[in-house]
Amino acid sequence: MDMQKLLAGIEAAARGAGRIMLEADDVRSVVTEKEGHGNFVTAYDKRVQAYLFAELARVLPEAKFIGEEDGADAFTDDDRRGFAFCVDPIDGTTNFLTGYRPSVTSIALLHDGKPLLGVVYNPYADMMFSAVRGGGAALNGAPIRSSEEPLARSVVSFGTAPYYPELAQRTFAVCADYLPRCIDLRRSGTAAWDLCCCAMGATGLYYELELQLWDYAAAGLIAEEAGCRVTGLGGSPLPWDGPSSVICASAGVAREDYFPRVSLSPPDACGGAASP
């Protein structure tokens, strides 16, 4: 299989999705709410996903599909065999709905249940992040590496897991722990973008207590290939088959600064108990 040809096809599909996002009009009139606090879906989420499924089927016809919208969100045992695309058509739907940038398209190609290729595209800045397992990460075709700065000289980004209000207290306890140990904190509203920011060296660490597979599948691979450590908050490997906590640290963040220094109990919700 020609990995570069395959990657080019996926990137072309991502650019097409970006064009739909850029041309979107009157977004607020085509929005519904899904289960979970502040969990919105627009007609454009569904339109972009349908477009991607059709385009990616031309790129790799034998692949299965996992996507956030229209009931395609279940990872099955069959998805552990062969190829499967995992798609978040618009990561950052609330950003998209309100005009707060960015929102991104995220596409991962899994092979036997592990990410093989990852693409994340920010159409508002024309930034195409990509990675092939074992081949490094790139931004618009140029290699990228994570920062070598220590945590004390880095920005930490985080997600609030807004669909799970029961995690809010623990989320902000982690914020309070990291804030005096870093330059400052940031929240963008899109997990895939935050992971890519760590991959390109803009931030030194990112965490969120609960993400879905389509949130981290592509960008998690991109971050790993850029030299980041990417695990659950307790240090366990990412499952690549469903929800998980996620913490991503650049190359310069020391191991003793990697995990939050607060209790994350119950530990099962955060990928196991943290240890230095």
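Keep in mind that this is a model prediction, so the values were computed, not measured.

**Q** What should I look at first to understand the pattern of salt bridges in this one?
**A** The tally for this structure, following the rule as stated, stands at eleven salt bridges. With a closest N to O distance of 2.9 Å, Asp 241 and Arg 80 form a salt bridge. Pair noted here: Asp 241 is in the loop between strand S13 (229-231) and strand S14 (244-249) and Arg 80 is in the loop between strand S3 (64-67) and strand S4 (83-91), with a separation of 161 residues, a long-range link. Given the relative accessible area of 26%, Asp 241 is considered partly exposed. The structure contains a network of salt bridges with shared partners spanning Asp 177, Arg 181, Asp 257 and Arg 261.

**Q** Explanation requested: the state of the cysteines in the structure shown.
**A** Evaluated as defined, the whole model comprises zero disulfides. Summary of cysteine pairing: Cys 228 is not part of a disulfide, and the nearest cysteine sulfur, belonging to Cys 248, is at 3.9 Å.

**Q** Got a minute to help me understand the sheet that holds S3 in this structure?
**A** Across a sheet, strands are paired by hydrogen bonds formed along the backbone, either parallel or antiparallel in direction. Taking strand neighbours across the sheet as the criterion, the seven strands line up as S3-S4-S5-S6-S7-S8-S9 in an open arrangement whose pairing is mixed. Of all the strands in the sheet, just S3 and strand S9 (142-144) have a single pairing partner and so form its edges. Averaged over all adjacent pairs, the angle separating strand axes in this sheet is 20 degrees, with direction ignored. Sheet analysis places strand S5 (residues 104-111) next to strand S6 (residues 114-122), joined by seven bridges and oriented antiparallel. Along S6, the bridge assignment pairs Leu 110 with Pro 115. Most of the contacts of helix H1 (residues 3-22) go to S6, to which it runs at about 35 degrees, and overall it touches S4, S5, S6 and strand S7 (127-132).

**Q** Which parts of the structure should I look at to understand helix H6 (residues 213-225)?
**A** The periodicity of an α-helix, 3.6 residues per turn, causes residues three or four places apart in sequence to face the same way. Relative to the 18 Å expected for 13 residues at 1.5 Å per residue, H6 spans 18 Å between its end C-alpha atoms, a close match to the ideal helical length. For H6, the principal kink sits at Ala 219 and spans about 30 degrees. When you tally the buried positions in H6, you get twelve out of 13 residues, the bulk of the element. The set of residues buried in H6 consists of Leu 213, Trp 214, Asp 215, Tyr 216, Ala 217, Ala 218, Ala 219, Gly 220, Leu 221, Ile 222, Ala 223 and Glu 225.

Scoring rules and cut-offs
Residues numbered from 1 in each chain as written. Predicted model: local features only at pLDDT ≥ 70, side-chain atom pairs only at ≥ 80, totals over all residues. Heavy atoms only, no water. Salt bridge = Lys/Arg side-chain N within 4 Å of Asp/Glu carboxyl O. Helix = DSSP H or I, 4+ residues; strand = E, 2+ residues; numbered from the N terminus. Buried < 20%, exposed > 50% of the residue type's maximum accessible area, 1.4 Å probe, protein only. Disulfide = S-S within 2.5 Å. Pairing = 2+ DSSP bridges. Axes fitted to C-alpha atoms, helices over the stretch in contact; angles between N-to-C directions. Contact = heavy atoms within 4.5 Å. Expected span 1.5 Å × (residues − 1). Bend = angle between axes of the 7 residues up to and from the residue.

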